[in-house]
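Geometric and topological summary
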Amino acid sequence: MRNNISEILEKIIAKARATAPLAAEGALIPYGGEGDHWRGAPFDGNSWWTGGFWPGLLWLLYSETGDAAFMAEARRVGNLLAEELRTFNLLNHDVGFMYLLSRGADYRLTGDKQARTDCLHAASLLMGRFNPTGFIRAWNEPDRVGYAIIDCMMNLSLLFWASAETGDPRFAKVAKIHADTTLEHFLRLDGSVAHIVEFDPETGAKVREHAGQGYALGSAWSRGQAWGLYGFTLAYANTGAPRYLDAARRVADFFIAHIRPDGLTDCDFAQPPAPERLDNIAGACGACGLLELHKITGDSRYREAAEALVDGLIDRCCDLAPNHCGLLTHCTASYHDDAAGFHTNIVYGDYFLVEALLRLLDRAPALWFSRITRP
Ligand code: GLY
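Residues numbered from 1 in each chain as written. Predicted model: local features only at pLDDT ≥ 70, side-chain atom pairs only at ≥ 80, totals over all residues. Heavy atoms only, no water.

Between its terminal C-alpha atoms helix α6 (residues 152–166) stretches 22 Å, which fits the 21 Å expected from 15 residues at 1.5 Å a residue. Of all 15 residues making up α6, 13 are buried, and the element is well covered by its neighbours. G167 lies just past α6 and shows a positive phi near 80 degrees. (Helix = DSSP H or I, 4+ residues; strand = E, 2+ residues; numbered from the N terminus. Expected span 1.5 Å × (residues − 1). Buried < 20%, exposed > 50% of the residue type's maximum accessible area, 1.4 Å probe, protein only.)

So, in structure tokens, the structure goes:
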């Protein structure tokens, strides 16, 4: 690696000590940083799907430092998210992201019993979204009853964890059925993955694909590729089923073939050359998946690709200024819709970058895994 990871991490920790208190002062769950302040969620208040990444980031930093201030801020937001479980009408399949990284991380790192209960509650809500024809329903709109999306591969970790935690195989069984459906209907011959597939909710038959947050129908939205890469890798890590490892390797090869020479990541691997549209969240998340794949397979290509991604992010798109809120720049929520952010800081980019740094040091807590150990 060109960069000294420990030095970068020290700067990130100092920056978080300076900027984390501003989130509590503003009484919000950070969605992104802008200069000296945090922005809250663009939609759906505290039920917006990204709410777990800020506490997740703080739990990562807590695991590094033992700093009680990080724990307190992570818990402040974890408790706000727990309140959303009561109404739950705006929650969707992303309860995996939301609760595994907040209440789940709390339970794993501190043993807090209420955090465990909240995380199992979230897993039960995710189970409730299962359509027995073979997929987990993504969103709540009445005209999207049959929609499933590649992002959900990441949320399956909540179900694998719940089975290991309770000894009840139902959660993991549902996760495997959904992963098998994703394998069959999302993974393409070239190793790329679709974003949205619509199924007939009565029969489970594939109806059609929809264009999602990428450039066009049939294109390769880079964050979706990262969700698929890391998601199939985690499905393998949590089950040991070789078919998921094979899928992860295929998506990884496709992803690696599209890493830019500067280590940054286009928003869509099939987008036109101009205008430039980057989504560095995809690079940060992709690096985490590649590092886990390297650990599983020992194949050095995955580690080299992850290092190229992380070096590119650190060299060009990391705001390490101690008093600036937000770390990773040039994050894009969606190719065509700027409402949730275009070439800006978005909190899950920061989360995955810090996870990647800790993975490079072999010190990432195992938040996505059904076993309660450090890798
Ligand atoms: N899970 C939604 C997204 O990646 O934007």
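Next comes the rest of the write-up.
Take the sheet that holds strand β5 (residues 147–149) next. A sheet is described by the order of its strands in space; here 3 strands give the open sequence β5-β6-β7, paired in antiparallel fashion. Single-partner strands in this sheet number two, and they are β5 and β7 (206–210). In this sheet, neighbouring strand axes are inclined to one another by 25 degrees on average, regardless of whether the strands run parallel or antiparallel. Here strand β6 (residues 196–199) runs beside β7; their pairing, made up of 4 bridges, is antiparallel. (Pairing = 2+ DSSP bridges. Axes fitted to C-alpha atoms, helices over the stretch in contact; angles between N-to-C directions.)

Following the sequence through the fold, S102 ends up in helix α4 (residues 95–110). S102 sits in the buried class, given a relative accessible area of 1%. Remark: the alpha-carbon pair of S102 and A115, spanning 13 residues in sequence, is separated by 8.4 Å. In this structure S102 touches P55, W59, G78 and L81, once residues within four positions along its chain are discounted. (Contact = heavy atoms within 4.5 Å.)

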